[in-house]
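A closer look at the structure
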Amino acid sequence: MKRFTQLFLLVPALMVLVQCDPSMTERTPDAGQADFSSYVAIGNSLTAGYSDNALHRDGQLNSFPAIIAGQMQQAGGGDFFQPLVNPGVGSNAAGQAKLILQVSIGPDGTPSLAPGPAAAEGQDIFSRQQEGPFNNMGIPGARSFHLVAPGYGNLNPFFGRIMSSGEATVLGDAMMAGPSFFTLWVGNNDVLGYATNGGTGQGFAEMGDPAQVAGNDITPQNVFNGAIDGVTATIAASGADGVVINIPDVTNIPFFTTVPWNGLVLTAQQAQQLRAGYAAQGVPEPLIPDFQQGPNGFIIADADSPIGLRMAQQGELILLSVPQDSLRQAGWGSVTPIPNQFTLRGSQIAEIQQATQAFNAKLEANAANFGFAFVDVNSTLATASNQGMVFDGVRLTTQFVQGGIFSLDGVHLTPRGSAVVANQVIEAINESFGSTLSPVNISAYEGVQFP
Amino acid sequence: MKNTLTVIAASLLVLCLSATTVLAGGYQLNLLGQRQIAMGHTGVGMPLDVATIGLNPGGLATLDHNALLFGANATFISTYYRAPAPSSYLAKTDSDIRTPFGLYASYDTPVENLRAGLGVYTPYGNALRWEDGWKYRFLLREISLTAIFIQPTLSYRIGDRIGIGAGLIVAYGAVNLQRDIPVDAQDGETPMVELDGSTTAIGFNAGVHGKINDRVSIGVAYRSQIDMEVSGGDADFTVPVSLSGNFPEGNRFDASLPLPAVLSIGLGLKPSDQLRVNLDANLTFWSAYENLVFEFEQNTATVQDLNEPRNFNDRWIFRIGGEYDATDWLQLRLGSYFDPSPVDEGYITPETPDLDRFGISTGFGFAFTPQTSLNASVLLVLSNPREQTEQAAIDAGTYGSVPVGEFQTRAWIPGISIYHRF
């Protein structure tokens, strides 16, 4: 009897004891060999958090460096000061507001969803001079050599609003923040300027003069190399550790892939009419574009063609900047060729890809030389483009609007896209520096917002 | 007696140790009666009271009394999710308290040796609500599954030693499932879908009970599978206006969820007049749950039918329990069980983050009067963290539709009942 009573008294004690295992607890991130006390992000619009065709506060708050900095703060990371603009619609260099998805009613009364400016004018983000040093030194529009160009703030208002002096360089101001850790993501604009202008500028060249590089040129290799050498050597000399990120191939970016090359869909009768139209203009029979029933390549301008135009071929790109009204109603792409600035022909794509590979090789080589981590975002976006990626039960692709990674300008990232990049950078940091920074949940960040 | 104690203590230890491997129990709730719960939810081999209508209808006719029983439990269940290393992310379910219940009554029919009974009980159920904005919100926000069985029963005693019984089950089932939809809204609302439906179905519960001698008895019971087929449930989508064309309003869905059959066998021992010991085993035919399917009445490019593999496996649960009459008016109870998961790695979902469970229970019975008693039980359900790796999900072909990481469940389930014999 007594023994039994004891047994039953023992049970509550047993219930506690039988906790054979400790309950699950949160992991504590560790910095490993890295020092996150002062993280400085150097780069262009992608670093700044520019998105939806403007620099605006929501984009800045979700910039990939801001996301990384938040995770570093769990492992001894310090404050991360960004040159935040006031809440609002933001602005691009031309003073336009950010894009939002809008419902518009077409001439035939059917509603459609398309990006449009959130306000008639952008917000004034340039008149207020902000005082650094800043941890986010992402300057929209900056090319590699702009980072080391004294007085660049007088040419680029995004640097002008935060430069420490009229003669300051982006790199110099970044070093004023005393980085113990950095990310460098630059080089995108060195090819994008050429690509987004339809290859109307100078293609890839081995040698050139930075002073001669126009906005629609590809940066010459020697100029790019010199700039990257300067930036990486300066950072390395300061003793900071960090990460170098490479640049994506434009053929994986929705600005270049959204409008299909063969989006001219015709009936047999329309095809016949178009052929007849060109014949009536005196185009000799062999040179008349071969319009057929079904999807056809758009008619694009090409100076190399005897008649100055031809049908686009598979692999050629029509840019997102092409006026949709002109395509639909003004006969662009069928009776009128799409002008050069809105297309990338095969030879131009080859120039861009050659430059991208050369620049990425340089970035990777310098990362290796200085012992920095290297992040191959190019491969990630290629995977997202080819097969999509699944994080937290949500599938991401590089598709425009629905894909989740790219914002409404088709070039810059959504918060969700920034989170994907941030996680990849975090993974590289952990591998290279023995740290255990925590990745973020992709599902916690937004893609394109619908009205 | 001492030996019995040693056996119980040793089995507790062994179970504790074995619980270090992966462990579950799907959406089954084994909470049919307080006296049974306190004894590790045993009683198939030894009808203890009228809750045997649920456990083994064959035992009803061999009971030495008729009674009315009403009892209920409160479930305090915490489920945790931890993202794979090095993530510092940890999520838990908000603990909605649910109250499974059991109501049983019996009376003697005019036919000699034939006893009738009615049981109303809740053998299946599930309620999980993950914290707002959790990592896998696109797979599941919350789920609620309720099943109430109403079982009129007849049991016949053959001679002094054998009882047989069977009951018709009328089952009412309701399901509510909510997921976030992976689009974002300018107005800041979180787009989501809520699927809500209910149905009724029928099945049966039958069993046999036999006394081998005054000290030893056995029992076997089988409760049939019941398919809850929801037809025309409500599918409500909360989405931005511009997407309303892709997510039609007033959409409906059909879905089917099996409540699996259970085969139970039990051995009842009476080492002394004051001590009763039960050994039970239950085989739940979980393999009936192959796929979770939701078919929508209106499909669009974005509203596609859902068909996700679940591939549950049949599993045995092993139970041991004892009861000791401390005095004429006080009974002390103790029990334990091991409930291995029917879910393979690769198929663990946020709605049943299933793992091997180890239960220990205790309780008492207090007789106010010779006719009326109060029974109380408390059940502690423990588990070790169970991991689902990315590779396991890829191998199972479920990558992207199941979470990757670790789960752990802990539950406190107190219960109380009033028993009146007449």
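Computed from a predicted model, the values in this text were never measured in an experiment. (Residues numbered from 1 in each chain as written. Chains lettered and ligands numbered in written order. Predicted model: local features only at pLDDT ≥ 70, side-chain atom pairs only at ≥ 80, totals over all residues. Heavy atoms only, no water.)

As a further point, take the overall build of chain B. A tally of regular secondary structure across chain B gives 4 helices and 23 strands. Seen through its principal axes, chain B has C-alpha atoms that stretch 70 × 50 × 35 Å. For chain B, with 422 residues in total, the buried portion stands at 59%. Accessible surface, chain B: about 16,200 Å² in total, of which carbon and sulfur atoms supply 57%. Within chain B, the 44 negative side-chain charges are centred at a point lying 11 Å from the centre of the 27 positive side-chain charges. (Helix = DSSP H or I, 4+ residues; strand = E, 2+ residues; numbered from the N terminus. Buried < 20%, exposed > 50% of the residue type's maximum accessible area, 1.4 Å probe, protein only. Areas by Shrake-Rupley, 256 points an atom, 1.4 Å probe, with all protein chains shown as cover. Lys, Arg positive; Asp, Glu negative; His and termini not counted. Charge placed at Lys NZ, Arg CZ, Asp CG, Glu CD.)

For the rest of this paragraph, the subject is the domain arrangement of chain A. All names here are of chain A. You can read the domains of chain A as domain 1 (39–257 + 348–444) and domain 2 (264–344). Once you take the C-alpha centre of each, domain 1 and domain 2 turn out to be 35 Å apart. With 17 residues of domain 1 at the contact, the number on the domain 2 side is 12 residues. For the pair domain 1 and domain 2, the summed buried surface comes to about 980 Å²; carbon and sulfur atoms form 73% of the total. Looking at the side of domain 1 facing domain 2, the largest losses of area belong to Phe255, Phe256 and Ile349, adding up to 46% of the total buried there. At the boundary of domain 1 with domain 2, the tally comes to 0 salt bridges. Counting across the domain 1 and domain 2 interface gives 2 residue pairs in polar contact (both at pLDDT 80 or more). At the level of elements, α7 (188–196), α9 (254–257) and α12 (346–370) are the ones that each hand at least two residues to the side of domain 1 that touches domain 2. In the side of domain 1 that touches domain 2, the residues fall into 8 nonpolar, 8 polar and 1 charged. (Domains from an automatic or database assignment. Contact = heavy atoms within 4.5 Å. Buried area = accessible area lost by both parts, 1.4 Å probe. Salt bridge = Lys/Arg side-chain N within 4 Å of Asp/Glu carboxyl O. Polar contact = N/O pair within 3.5 Å; in protein donor to acceptor, adjacent residues only side chain to side chain. Nonpolar A, V, L, I, M, F, W, Y, C, P; charged D, E, K, R; others polar.)

A few words now on the pairing of strand β6 (residues 241–245) of chain A. All names here are of chain A. Burial analysis of β6 places 4 of its 5 residues in the buried class, which makes it a mostly covered element. Note that β6 and strand β13 (residues 373–375) share 3 bridges and pair parallel. By the bridge assignment, Val244 is partnered in β13 with Phe374. (Pairing = 2+ DSSP bridges.)

Two residues of an α-helix separated by three or four positions point the same way, owing to the 3.6 residues in each turn. Residue and element names in this part refer to chain A. Helix length check: helix α8 (residues 221–237) (17 residues) gives 24 Å between terminal C-alpha atoms against 24 Å at 1.5 Å per residue, within 8%. Inspection of α8 places Gln221, Val223, Phe224, Ala227, Ile228, Val231, Thr232 and Ile235 among the buried residues, and these make up the whole buried set. Mapping the buried residues of α8 onto a view down its axis gives an arc of 165 degrees, with all of them on the same face. Buried positions along α8 lie against β1 (39–43), α6 (170–176), β5 (181–185), α7 and α12. Of the residues one or two after α8, Gly239 is the one with positive phi, at around 90 degrees. (Expected span 1.5 Å × (residues − 1). Arc of directions from axis to C-beta.)

All names here are of chain A. Ordered by their spatial adjacency, 5 strands build an open sheet running β4-β1-β5-β6-β13, and the pairing between neighbours is parallel. Either end of the sheet is taken by a strand with one partner, and the two such strands are β4 (136–138) and β13. Between one strand and the next, the sheet's axes are offset by a mean angle of 15 degrees, whatever the strand orientation. (Axes fitted to C-alpha atoms, helices over the stretch in contact; angles between N-to-C directions.)

As a further point, take unusual backbone geometry. Residue Pro133 of chain A follows Gly132 of chain A across a cis peptide bond; omega there is 0 degrees. In this structure, Pro133 of chain A sits in the loop between β3 (111–117) and β4. The amide bond that connects Ala85 of chain B to the next residue, Pro86 of chain B, takes the cis arrangement and shows omega of 0 degrees. If you trace the backbone, Pro86 of chain B turns up in the loop between β2 (76–82) and β3 (90–94). The backbone of Asn53 of chain A shows a phi angle near 70 degrees, a positive value even though the residue is not glycine. Along the chain, Asn53 of chain A turns up in the loop between α2 (45–48) and α3 (57–61).

On to a negative patch on the surface. Residues Asp227, Glu229, Asp254, Glu295, Glu297 and Asp305 of chain B make up a contiguous surface patch of negative charge. Relative to the helices and strands, Glu297 of chain B resides in the loop between β16 (291–296) and β17 (306–309). (Patch = residues over 30% accessible without salt bridge, like charges linked within 9 Å, V, L, I, M, F, W, Y side chains within 5 Å.)

Below, the discussion takes up the interface of chain B and chain A. Facing the 54 residues of chain B at the interface are 42 residues of chain A. Of the roughly 4,300 Å² buried where chain B meets chain A, counting both sides, 62% is carbon and sulfur surface. Viewed at the interface, chain A and chain B are joined by 3 salt bridges. A salt bridge links Asp392 of chain A to Lys135 of chain B; the nearest nitrogen and oxygen atoms lie 2.9 Å apart. Where the side of chain B that touches chain A is concerned, the elements lending two or more residues are α1 (2–18), β2, β9 (184–185), β19 (330–339), β20 (357–367), β21 (372–382) and β23 (405–421) of chain B. For the side of chain B that touches chain A, the element with the most residues is β23 of chain B, which contributes 5 residues. Looking at the side of chain B that touches chain A residue by residue, the class counts come to 36 nonpolar, 10 polar and 8 charged.

Bringing the environment of Asp173 of chain A into the picture now. Checked against the element boundaries, Asp173 of chain A lands in helix α6. Between the C-alpha atoms of Asp173 of chain A and Pro87 of chain A, which are 86 residues apart in sequence, the distance is 25 Å.

With that out of the way, let us pick up the packing of aromatic side chains. Residue and element names in this part refer to chain B. Taken as a whole, this structure holds 40 aromatic pairs over all chains when the rule is applied. An aromatic cluster is present here, built from Tyr27, Tyr104, Tyr121, Tyr124, Phe149, Trp286, Tyr289 and Phe312 joined pairwise through their rings. Here Arg319 stacks its cationic end above the ring of Tyr337, 4.8 Å away from the centre of that ring. (Phe/Tyr/Trp six-rings, centres within 6.5 Å; stacked < 30°, edge-to-face > 60°. Lys NZ or Arg CZ within 6 Å of the ring centre and 35° of its normal.)

Moving on to the confidence of the model for chain B. Model confidence for chain B is summarised by a mean pLDDT of 91, while 94% of its residues fall at 70 or above. Interface scoring of the predicted complex returns ipTM 0.90; its pTM is 0.91. (pLDDT = per-residue confidence, 0-100.)

Quick look at the packing of α8 of chain A against α12 of chain A now. Residues and elements named next belong to chain A. Contact geometry for α8 and α12: axes closest at 10 Å, N-to-C directions at 25 degrees. Comparing their axes, α12 and α8 come out roughly parallel. In this structure, α8 crosses over α12, and the sense of that crossing is right-handed. Here α8 contributes Gln221, Phe224, Asn225, Ile228, Asp229, Thr232, Ala233 and Ala236 to the contact with α12, which in turn contributes Ala358, Phe359, Lys362, Leu363, Asn366 and Phe370. Residue composition of the contact of α8 with α12, grouped by class: 8 nonpolar, 4 polar and 2 charged. (Parallel < 35°, antiparallel > 145°, perpendicular 65-115°, else oblique. Left-handed = near helix turned anticlockwise from the far one by under 90°.)

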